[in-house]
Amino acid sequence: MIIGNREFNHGTYIMGILNVTPDSFSDGGLYNNLESAVRRARKLIKDGADIIDVGGESMRPDYTMITEEQEISRIIPVIERIKRIFDIPVSVDTYKSGVAAATIDAGVDMVNDIWGLKYDDGEMSRLIAQTGVACCLMHNRREAVYDSFIDDVMGDLKESAAIAERAGIKRDKIIIDPGIGFAKSYEQNLQLTNRLERLTELGYPVLLGTSRKSMIGLTLDLPADERVEGTLATTVMAVMKGCRFVRVHDVLENKRAIIMTEAILKS
């Protein structure tokens, strides 16, 4: 597939996380001014990121929802500066179509939607179709109630992909994300990570986003800033099970893990 001016067709690629928020669960407040955000983007790129994912609203448990205007004011200057300085695709982490529209005008190449196009009655899907940007559709539910967990997750992702294609989004512009940490128990997060190969059956590139999440913290009994090794284990699983992308904070370490895993698999 093509995101921005780059092709992503072979191996596993890295989406580097850039949160310009005061309250994200692991790095809130570190990059919420323009200069620190640009420095962070520079490091992510130097360490091997293939895409920069910019977020302006925390999705931590018990997060405080902000207005579209607040979110736009946080992220537009950062996106504009990154697009002006660096030659790299930029994604925006938002489920609000008004925010997405503003960022696409600023040069964003992909919308990373944690509600899988199910938040705003079709506005996001129509916007993405009209502008031709790529999209990442994450699995989420308002209530974590399942009949057959893995089958239900796959069914929900099929629904998101169907919404996208009905709106006119091209199939080669769609990525799916199992939504680790969203509307799932600890045990379900582990189970889904272990069954990632099932998601590749849907025919879309799969992105895994587990970086520093509670699944790792609960397993290792570690705070968010000490979860890099746990994240690396999930990245190795992602490569082995056919995921095309991983979304991470610690790019350099994950890049090395991907290179090593791919070398073994190709031997």
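Here, the structure is the one placed above.
Peer 1: Please provide a residue-by-residue account of the packing of aromatic side chains, values included.
Peer 2: Counted under the stated rule, the structure contains five aromatic pairs. Their ring planes at 80° and their centres at 4.9 Å tell us that Phe8 and Tyr13 sit as a pair that is edge-to-face. Note on Phe8: relative accessible area 2%, which makes it buried. Residue classification places Tyr13 among the buried residues on the basis of a relative accessible area of 14%. Counting every residue linked through ring pairs, the aromatic cluster contains Phe8, Tyr13 and Phe245. Looking at Arg142, its charged tip hangs above the ring of Trp115, at a distance of 4.5 Å from the centre.

Peer 1: Account for helix α2 (residues 68–85), with residues named and values stated.
Peer 2: For α2, with 18 residues, the first-to-last C-alpha span of 26 Å sits near the 26 Å given by 1.5 Å per residue. At Ile75, α2 shows its strongest bend, of approximately 30°, with the proline Pro77 following within four residues. Looking at α2, one finds that the buried residues are Glu71, Ile75, Ile76, Val78, Ile79 and Ile82. Along its buried surface, α2 packs onto β3 (13–19), α1 (34–47), β4 (51–55), β5 (90–93) and α3 (97–105).

Peer 1: Which residues make up the sheet that holds β4, and what values do they have?
Peer 2: Here we have eight strands laid out as an open sheet, ordered β8-β7-β6-β5-β4-β3-β10-β9, and parallel in their pairing. Pairing within the sheet leaves two strands with one partner each, and these edge strands are β8 (174–177) and β9 (207–208). With four bridges joining them, β3 and strand β10 (residues 245–248) adopt parallel strand pairing. Within the sheet, the bridge partner assigned to Ile14 lies in β10 and is Val246. Across the sheet, α2 is in contact with β3, β4 and β5; its angle to β4 comes to roughly 160°.

Peer 1: Give me the layout of surface pockets: which residues, what numbers.
Peer 2: Taken as a whole, the second largest pocket holds about 160 Å³ of empty space. Lining the second largest pocket, in full, are Leu190, Thr193, Asn194, Met215, Ile216, Thr219, Leu220, Gly230, Ala233, Thr234 and Met237. Tallied by class, the residues present in the lining of the second largest pocket amount to six nonpolar, five polar and no charged.

Peer 1: Break down the pattern of salt bridges for me, with residues and values.
Peer 2: Inspection of the entire model under this criterion finds 16 salt bridges. Glu201 serves as the salt-bridge partner of Arg198, at 3.4 Å between the closest nitrogen and oxygen. Overall, the relative accessible area of 19% leaves Arg198 in the buried class. On the basis of relative accessible area, Glu201 is assigned to the exposed category, the value being 52%. One salt-bridge network, in which partners are shared between bridges, spans Asp53, Asp93 and Arg247.

Peer 1: Kindly report on the packing of helix α5 (residues 149–167) against helix α6 (residues 186–194), identifying the contributing residues and their values.
Peer 2: Orientation of α5 relative to α6, taken along the N-to-C sense of each, is 70°, at an axis distance of 10 Å. In terms of orientation, α5 and α6 fall into the roughly perpendicular class. Along its contact with α5, which presents Phe149, Ile150 and Val153, the element α6 presents Gln188, Gln191 and Leu192. Along the lines of polarity and charge, the residues of the contact of α5 with α6 split into four nonpolar, two polar and no charged.

Peer 1: For the nonpolar core, give the residues involved together with the corresponding values.
Peer 2: It is characteristic of soluble globular proteins that their nonpolar side chains tend to be buried jointly. One finds Leu18, Val54 and Ile82 to be the most contacted residues of the largest nonpolar core, which totals 62 residues. If you tally residues by element for this core, the top one is α5, at eight residues. Residues in contact with Ile82, not counting those within four places in the same chain, are Leu18, Ala41, Ile52, Val54, Ile88 and Val90.

The rules behind these values
- Residues numbered from 1 in each chain as written.
- Predicted model: local features only at pLDDT ≥ 70, side-chain atom pairs only at ≥ 80, totals over all residues.
- Heavy atoms only, no water.
- Phe/Tyr/Trp six-rings, centres within 6.5 Å; stacked < 30°, edge-to-face > 60°.
- Buried < 20%, exposed > 50% of the residue type's maximum accessible area, 1.4 Å probe, protein only.
- Lys NZ or Arg CZ within 6 Å of the ring centre and 35° of its normal.
- Helix = DSSP H or I, 4+ residues; strand = E, 2+ residues; numbered from the N terminus.
- Expected span 1.5 Å × (residues − 1).
- Bend = angle between axes of the 7 residues up to and from the residue.
- Contact = heavy atoms within 4.5 Å.
- Pairing = 2+ DSSP bridges.
- Axes fitted to C-alpha atoms, helices over the stretch in contact; angles between N-to-C directions.
- 1 Å grid on protein atoms, 1.4 Å probe; cavity = no way out; pocket = protein on both sides within 12 Å on 5 of 7 lines; lining within 4 Å.
- Points joined across faces, edges and corners; volume = space filled by probe spheres on them.
- Nonpolar A, V, L, I, M, F, W, Y, C, P; charged D, E, K, R; others polar.
- Salt bridge = Lys/Arg side-chain N within 4 Å of Asp/Glu carboxyl O.
- Parallel < 35°, antiparallel > 145°, perpendicular 65-115°, else oblique.
- Core = buried A, V, L, I, M, F, W, Y, C linked by side-chain atoms within 4.5 Å.

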